[in-house]
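As a plain string of letters, each chain reads:
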Amino acid sequence: AQSVTQPDIHITVSEGASLELRCNYSYGATPYLFWYVQSPGQGLQLLLKYFSGDTLVQGIKGFEAEFKRSQSSFNLRKPSVHWSDAAEYFCAVGAGNFNKFYFGSGTKLNVKP
Amino acid sequence: EAGVAQSPRYKIIEKRQSVAFWCNPISGHATLYWYQQILGQGPKLLIQFQNNGVVDDSQLPKDRFSAERLKGVDSTLKIQPAKLEDSAVYLCASSQAGTGYNEQFFGPGTRLTVL
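Residues numbered from 1 in each chain as written. Chains lettered and ligands numbered in written order. Predicted model: local features only at pLDDT ≥ 70, side-chain atom pairs only at ≥ 80, totals over all residues. Heavy atoms only, no water.

(A) The arrangement of the overall build of chain A in detail. Tallying secondary structure elements over chain A gives zero helices and twelve strands in all. Counting helices and strands in the order they occur from the N terminus, chain A gives β-β-β-β-β-β-β-β-β-β-β-β. With respect to the principal axes defined by its C-alpha atoms, chain A has extents near 45 × 30 × 20 Å. Burial status across chain A gives 46% buried among its 113 residues. For chain A, restricting intrachain contacts to residue pairs at least 6 apart in sequence, the fraction spanning at least 24 positions comes to 52%. Accessible surface computed for chain A: about 5400 Å², of which carbon and sulfur atoms make up 48%. (Helix = DSSP H or I, 4+ residues; strand = E, 2+ residues; numbered from the N terminus. Buried < 20%, exposed > 50% of the residue type's maximum accessible area, 1.4 Å probe, protein only. Contact = heavy atoms within 4.5 Å. Areas by Shrake-Rupley, 256 points an atom, 1.4 Å probe, with all protein chains shown as cover.)

Have a look at this one:
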């Protein structure tokens, strides 16, 4: 069965520090992978997606993610975090038919000044 | 381009009452989704429409939840009667149809509190 695991519930980093959010998935075929961000009171906004090709994908707001098939991972990174990055981040896998997404439970990012 | 619209943004009801949420997807998007997001969890798909037909409602509690998408455009999700555990944010999303996986665009959600 398809599933997504985000092992870190909360992460706190200092402004300007680097960030890595972990995501592991379970899916038998080639996955379609996504990272979304949710600010308080807002819907989800797509940061980046991986369908095929280059395993390092660039997204909006300076984020990038690397697909590692051998580790079933799709970790999100940012070299220098800004206070405005404080939000909740969700990893998702597209699986099966009809564009169905499975979401992880999310990682809440706090940014210290 | 206008985004996905949802209303109301907030709703407080007592258990056993009924409630309805409305969603208007991005123009031209054939696929519409309703998700339930309980506090501390990721969104869980309740129902997915392709035009005005249901393609997946496997996780919709059909004894109390219903949804429709008349004319293949906007959609309504209803809960009747509500239970305490229905307290959550209800997200609507839409995407273009087609092969492969397409980005889902999300509305701001409706936060439901059941007392």
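(B) Examining the environment of Y36 of chain A more closely. Looking at the element boundaries, Y36 of chain A is found in strand β5 (residues 32-38). Separated by 55 residues in the primary sequence, Y36 of chain A and C91 of chain A have C-alpha atoms spaced 6.4 Å apart. Look past the residues within four positions of Y36 of chain A in its chain and what remains in contact with it is L44, Q45, L46, L47, E88, Y89, F90, F101 and F103 of chain A together with E103, Q104 and F106 of chain B. Here the side chain of Y36 of chain A touches Q104 of chain B through a polar contact of 2.9 Å, landing on its backbone oxygen. (Polar contact = N/O pair within 3.5 Å; in protein donor to acceptor, adjacent residues only side chain to side chain.)

(C) Just the pattern of salt bridges, in detail. Residues and elements named next belong to chain A. What the rule picks out here adds up to seven salt bridges over all chains. Note that E64 and R77 form a salt bridge whose closest N and O atoms lie 3.3 Å from each other. Within this pair, whereas E64 is found in strand β8 (residues 64-68), its partner R77 is found in strand β9 (residues 73-78), the two being separated by 13 residues in sequence. Judged by its relative accessible area of 23%, R77 falls in the partly exposed class. A salt bridge links R77 to E66, with the shortest nitrogen-to-oxygen separation between them at 3.2 Å. Here R77, found in strand β9, pairs with E66, found in strand β8; they are eleven residues apart in sequence, far enough to count as distant. Several salt bridges share partner residues, and in doing so they unite E64, E66 and R77 into one network. (Salt bridge = Lys/Arg side-chain N within 4 Å of Asp/Glu carboxyl O.)

(D) How the structure looks around the state of the cysteines. All names here are of chain B. By the definition in use, this model includes two disulfides over all chains. There is a disulfide in this structure between C23 and C92, and the S-S distance comes to 1.9 Å. Judged by the sign of its S-S torsion, about -70°, the cystine formed by C23 and C92 is left-handed. On the criterion of sequence distance, the pair formed by C23 in strand β3 (residues 19-24) and C92 in strand β9 (residues 88-95) is long-range, its members being 69 residues apart. For the pair C23 and C92, a shared accessibility class is recorded, and that class is buried. (Disulfide = S-S within 2.5 Å.)

(E) Fine view of the interface of chain A and chain B. Chain A puts 22 residues into the contact, and the matching count from chain B is 23 residues. Both faces combined, the contact of chain A with chain B buries some 1800 Å², and carbon together with sulfur accounts for 52% of it. Across the chain A-chain B interface, the total number found is one salt bridge. Between D56 of chain B and K100 of chain A there is a salt bridge, and its shortest N-O distance comes to 2.8 Å. Summed over the shared surface of chain A and chain B, the number is three residue pairs in polar contact (both at pLDDT 80 or more). Counting only elements with at least two residues in the side of chain A that touches chain B, the list comes to β5, β6 (44-50), β10 (87-95) and β11 (100-103) of chain A. For the side of chain A that touches chain B, the element with the highest residue contribution is β5 of chain A, accounting for four residues. Class assignment of the residues belonging to the side of chain A that touches chain B gives a composition of eleven nonpolar, ten polar and one charged. (Buried area = accessible area lost by both parts, 1.4 Å probe. Nonpolar A, V, L, I, M, F, W, Y, C, P; charged D, E, K, R; others polar.)

(F) Broad picture of the pairing of β3 of chain B. All names here are of chain B. Alternating positions in β3 separate cleanly, V19, F21 and C23 being buried on one face and A20, W22 and N24 remaining unburied on the opposite face. Sheet topology places strand β1 (residues 5-7) next to β3; three bridges connect them, and they run antiparallel. Opposite Q6, over in β3, you have C23 as the bridge partner. The pairing of β3 with strand β8 (residues 75-79) spans five bridges and is antiparallel. Opposite A20, over in β8, you have K78 as the bridge partner. (Pairing = 2+ DSSP bridges.)

The analysis is restricted to geometry; functional conclusions fall outside its scope.
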